[in-house]
Amino acid sequence: MTEQLTEREVGRSRPRKEDARLLTGQTNWTDNIDAAGLLHLAILRSPMAHARIDRIDVTPALERPGVVAAFSGSDLAEGMGSLPCAWPVTEDIVLPDHPPVAVDEVRYAGDPVAVVVARDRYAAADALEAIEVDYEPLRPVLDLEAALEPGTPLVHSGKGTNRCYVWPLKTGEDFETVRQRAEVTLKRRYHQQRLIPNAMEPRAVVVTPLAASGEFTVYSATQIPHILRVMLSVVTGIPEHKLRVIAPDVGGGFGSKLQVYGEEALALTVARRLGRPVKWTESRSEGYLATHHGRGMIQDIEIAANRDGKLLGLKVDLLADMGAYLMLVTPGIPILGAFMYPAIYKMDSYDFTCTGVFTTRTPTDAYRGAGRPEATYAIERIMDELAVELALDPVELRRRNWIRHEEFPYTSVAGLTYDSGNYEAATDKALALFGYDELRAEQDKRVERGDTVRLGIGVSTYTEMCGLAPSRVLRDLRYAAGGWEAASIRMLPTGKVEVVTGTSPHGQGHVTCWSQIAADVLGVPFEDVEVVHGDTKASPQGMDTYGSRSLVVGGTAVHHAAQKVVEKARKVAAHLLEASEHDLEFTHGVFSVKGSPDARRTIQEVAFETFSSHDLPDGMEPTINAEHLLDPDNFSYPHGTHLCAVEVDTETGRTRIRSYVCVDDVGRVINPMIVEGQVHGGLAQGIGQALYEEAVYDDEGNLVSGTMADYLVPSAPDLPDFVTDRTQTPASSNPLGVKGVGEAGTIASTPAVVNAIVDALRPLGVGDVRMPCTPERVWKAIEEASR
């Protein structure tokens, strides 16, 4: 007897299906994969940020024990093209070649210059020291403003400039006109430091060739198996249908595995040449050099307003650090943020310009939030500064300018149509949970007493564009791919269900949530649903995972595919019950005839009848399986209010987060437990940028924060207990009403923390502290203000 669903799955805090394997060590990370005759790659990387390669000799490495082969960049140039950039944001963008292994010139410390292949990873690593390389040092390019000045050394000498592109967006009234009639204008400069992603699992790739057919299976710790397959075909010339890409268990990504890396192309090329399986796994310190970085930006912000606090316009000028090369979506990351600087506020004018700049540092690309945390930081910081200028409470200033709930759908000055939201409700709930008025009163008392430990209160209200993205919008932004997603549902003869998804999880809980969605629509038990993902052979269609798109686009595709299964099953059930399709009801997985509840068939029974095909409607194919490809009509727009209270010791500069409250509106919630986990993880990363993390380079372009001893990543003892809650305004852009949650905590938390620190120190004359707000920087800011 088949079991049916008895209560709704969507909205339940189901423990994750994925966790049992993770907790019991039954996972299959890329580095766990073995193959007969497996060889190991090690990569020699440039110790210099900028230099010509005068001579390179790999033959001494061949004499080392266990070494099978060694290659220079010129040895590998044939059969391996330039790494791709899929987002050339302007027609005149400067697009330099990006060889997976440098040939004539190195452009950042960590640029690959040679490869050793050996029977084990230790022999390969040891043999690197035998390779002889003569470098002619060139001056590094590190300062974004100096890089654009005449006479500055060029990162790519053949291109004649370090300017990659200039991308403008001007909407509404002319900003100069608005500035002239404004009663108040403020200008501020903010620095977004470089950040280094720290996924728990390092990057790794294994390639196994099948010589007889010319096929290759590529296992990679990637977020994007489908995109990687296409791009590896382009780079290596291997036909796409001869490539199978598998993302096995992937231990985090945060955007760092949204990439087509040289090591993946390199492993594939070497495996093809040698006809042997090949593996490469990065070390943590190697990853700090070679995995792309995030952020890296100078923001010049000008805001115009009237004395009553009404915003009139916003001007944004960015210098964005591309690093040495353009990787998969490097140029487009600041452009994603371009639409978010106006945030939740109404204004008449918006003037945005981003200038991309080449430097001799590790390339930048997507990092959790990808352009949107930078935008939220800038607007929320300058809103606090404007509140001070106008002698308004920072919450009150926001109230006077945000879009009211009854005004949705609302087209922002940047041109996006926000479909739903209620900023008032989220803020009111956050203020109540936080005890805002009581904390303000305590703050005033501390100032009156002259306490050395000051209390600061930070406010951050945000929205973000998720569910990337309508394909036509991506076309208009000159992005090479689309934003659709694929899902299919297979009803097995025994009544069990396989969901095949084009999204590729790396910790988010897709298997659990997709099971809940499918179970609800099909009326089958949650336990009877399996999810297939991350393999281009088993799941041939998909656009993968990034930009908080998986649930909004991929989950909605699952919902539609399941509905198609029900409608196909309805035809079979009606035939079996000798009733009209219109007379059938479908509840909890059971088709029944209206008015005759005993005339019934479960969807599992229908699945078996379809499998046997003994009695199907004439002309019907013997399947109720279905697929759906969804291209969304709009982005989705989660929002929320985050409040942070900090205590700053003015004698030492030490900051302690005393309390943190956030109320997010992520639309309809599929699994509250997973939402909580996503919010907590995002908060940790946003707080990490505010207080701890920074990729630091010396004057020669060497990364000096290249280990976890130097690059500080917050752990649980460094973080407060978070108070989280939600309001819910369902998205109108998809039938699930979902909005996305993966990046919300990161986007909102950084300005909340920094605003709190500056708020604590403002009575001492401090107007800004550059991130990360380390004790040393906070103390120096206090000292400089006192002078």
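Reading the values: rules and limits
Residues numbered from 1 in each chain as written. Predicted model: local features only at pLDDT ≥ 70, side-chain atom pairs only at ≥ 80, totals over all residues. Heavy atoms only, no water. Helix = DSSP H or I, 4+ residues; strand = E, 2+ residues; numbered from the N terminus. Rg over C-alpha atoms; globule rule 2.2 N^0.38 Å. Buried < 20%, exposed > 50% of the residue type's maximum accessible area, 1.4 Å probe, protein only. Contact = heavy atoms within 4.5 Å. Areas by Shrake-Rupley, 256 points an atom, 1.4 Å probe, with all protein chains shown as cover. Lys, Arg positive; Asp, Glu negative; His and termini not counted. Charge placed at Lys NZ, Arg CZ, Asp CG, Glu CD. Phe/Tyr/Trp six-rings, centres within 6.5 Å; stacked < 30°, edge-to-face > 60°. Lys NZ or Arg CZ within 6 Å of the ring centre and 35° of its normal. Expected span 1.5 Å × (residues − 1). Arc of directions from axis to C-beta. Core = buried A, V, L, I, M, F, W, Y, C linked by side-chain atoms within 4.5 Å. Polar contact = N/O pair within 3.5 Å; in protein donor to acceptor, adjacent residues only side chain to side chain. Pairing = 2+ DSSP bridges. Axes fitted to C-alpha atoms, helices over the stretch in contact; angles between N-to-C directions. Parallel < 35°, antiparallel > 145°, perpendicular 65-115°, else oblique. Left-handed = near helix turned anticlockwise from the far one by under 90°. Nonpolar A, V, L, I, M, F, W, Y, C, P; charged D, E, K, R; others polar. Salt bridge = Lys/Arg side-chain N within 4 Å of Asp/Glu carboxyl O.

As for the overall build of the protein
1) Next: Scanning the protein for helices and strands turns up 21 helices and 28 strands.
2) Next: Against the compact-globule benchmark of 28 Å for 787 residues, the protein has a radius of gyration of 28 Å, which places it among compact chains.
3) Next: Principal-axis analysis of the C-alpha atoms places the extent of the protein at approximately 90 × 70 × 50 Å.
4) Next: Across the 787 residues that make up the protein, the buried fraction comes to 63%.
5) Next: For the protein, the proportion of contacts with a sequence separation of at least 24, taken over those separated by at least 6, is 80%.
6) Next: As displayed, the protein offers around 29,000 Å² of accessible surface, 49% of which is attributable to carbon and sulfur atoms.
7) Next: Distance between charge centres in the protein, computed from 77 positive and 110 negative side chains, equals 1 Å.

Considerations on the packing of aromatic side chains
Each aromatic ring pair is described using two quantities: the centre-to-centre distance and the angle formed by the ring planes.
1) Next: One pass over the full model with this rule turns up 14 aromatic pairs.
2) Next: Ring geometry for phenylalanine 408 versus tyrosine 423: centroids 5.5 Å apart, planes at 80 degrees, classification edge-to-face. You can see phenylalanine 408 sitting in the loop between α12 (394–399) and β16 (410–411) and its partner tyrosine 423 sitting in helix α13 (residues 423–434), a full 15 residues away along the chain.
3) Next: Taking 4.4 Å as the distance between ring centres and 35 degrees as the angle between the ring planes, the aromatic pair formed by phenylalanine 586 and phenylalanine 591 counts as tilted.
4) Next: Using a relative accessible area of 0% as the deciding quantity, one classes phenylalanine 591 as buried.
5) Next: Through pairs of rings, three or more aromatic residues link up here, namely Trp167, Phe339, Tyr341, Tyr350 and Phe352.
6) Next: The cationic tip of lysine 17 hangs over the ring face of phenylalanine 526; the distance from NZ or CZ to the ring centre is 4.4 Å.

Here we look at the environment of glutamate 286
1) Next: Among the secondary structure elements, glutamate 286 is positioned in helix α9 (residues 284–290).
2) Next: We classify glutamate 286 as buried; its relative accessible area is 13%.
3) Next: Taking the C-alpha atoms as reference, glutamate 286 lies 9.0 Å from threonine 707; in sequence the two are 421 residues apart.
4) Next: Those residues in contact with glutamate 286 that lie beyond four places of it in its chain are Ile43, Arg45, Trp280 and Thr281.

Observations concerning helix α21 (residues 775–786)
1) Next: In a regular helix each residue adds 1.5 Å, so 12 residues correspond to 16 Å; α21 covers 17 Å between its end C-alpha atoms and thus fits that length.
2) Next: Three or more residues of α21 are buried, namely Val778, Ala781 and Ile782. Seen end-on, α21 carries its buried residues on one side only, within an arc spanning 95 degrees. The outward face of α21, more than 90 degrees from its buried face, is lined by the exposed residues Glu776 and Glu784.
3) Next: The inward-facing, buried residues of α21 abut β26 (639–649), β27 (655–665) and α20 (744–761).

Quick word on the nonpolar core
1) Next: By size, the foremost hydrophobic cluster in this structure holds 146 residues, and its most contacted members are Trp167, Phe339, Tyr341 and Phe352.
2) Next: By residue number, the principal contributor to this core is helix α11 (residues 372–390), which donates nine residues.
3) Next: Not counting chain neighbours up to four residues away, the residues in contact with tryptophan 167 comprise Val89, Thr90, Ile335, Ala338, Phe339, Phe352, Thr353, Cys354 and Leu477.
4) Next: Residues Cys513, Val566, Leu584 and Ile624 belong to the second largest nonpolar core, which totals 46 residues.

Quick notes on the side chain of arginine 570
1) Next: Counting through the fold element by element, arginine 570 comes out in helix α17 (residues 550–577).
2) Next: By relative accessible area, arginine 570 is classed as buried at 14%.
3) Next: Only 3.1 Å separates the side chain of arginine 570 from the backbone oxygen of leucine 584, close enough to count as a polar contact.

Focus on the pairing of strand β5 (residues 112–118)
1) Next: Of all seven residues that make up β5, seven are buried, and the element is covered over most of its length.
2) Next: Bridge count for strand β1 (residues 39–45) against β5 is six bridges, and the pairing is antiparallel. Considered in β5, the bridge of alanine 42 is made with valine 116.

So, the packing of helix α19 (residues 672–691) against α20
Two measures define how a pair of helices packs: the angle their axes make with one another and the distance between the axes.
1) Next: One way to put it is that α19 packs onto α20 with a least axis distance of 7 Å and a crossing angle of 40 degrees. Judged by the angle between their axes, α19 and α20 are oblique. Both α19 and α20 take part in a crossing whose hand is right-handed. Between α19 and α20, the contacting residues are Val679, Gly682, Leu683, Gln685, Gly686, Ile687, Gln689, Ala690 and Leu691 on the first element and Gly745, Thr746, Ser749, Thr750, Val753, Val754 and Ile757 on the second.
2) Next: Residue composition of the contact of α19 with α20, grouped by class: eight nonpolar, eight polar and no charged.

Some words on the sheet that holds strand β4 (residues 105–106)
Within a sheet, neighbouring strands are paired by backbone hydrogen bonds and run either parallel or antiparallel to one another.
1) Next: Pairing within the open sheet is antiparallel, and its three strands lie in the order β4-β2-β6. Two strands bound the open sheet, and with one partner strand each, they are β4 and β6 (132–137).
2) Next: Across two bridges, strand β2 (residues 51–57) lies against β4 in antiparallel orientation. Along β4, the bridge assignment pairs arginine 52 with glutamate 105.

Some remarks on the environment of glutamate 406
1) Next: With respect to the secondary-structure elements, glutamate 406 resides in the loop between α12 and β16.
2) Next: Between the C-alpha atoms of glutamate 406 and serine 420, which are 14 residues apart in sequence, the distance is 9.2 Å.
3) Next: A distance of 2.8 Å separates polar atoms of two side chains, one belonging to glutamate 406 and the other to arginine 404.
4) Next: In this structure the side chain of glutamate 406 is engaged in a polar contact, spanning 3.2 Å, whose partner is the side chain of histidine 405.

Describing the pattern of salt bridges
1) Next: The tally for this structure, following the rule as stated, stands at 64 salt bridges.
2) Next: The salt bridge involving glutamate 647 is made with arginine 658; its shortest N-O contact spans 3.4 Å. Placement of glutamate 647 in strand β26 and of arginine 658 in strand β27 is noted, with a sequence separation of 11 residues between them.
3) Next: A single network of salt bridges, built from pairs that share partners, joins Arg188, Arg381, Glu385, Asp393, Arg440, Asp759, Arg762 and Asp768.

Notes on the pairing of strand β12 (residues 278–281)
1) Next: Direction of pairing for β1 relative to β12: parallel, over a ladder of two bridges. Residue pairing for β12: histidine 40 is matched across the bridge by lysine 279.
2) Next: With four bridges joining them, strand β9 (residues 204–210) and β12 adopt antiparallel strand pairing. Across the sheet, valine 207 pairs through a bridge with valine 278, a residue of β12.

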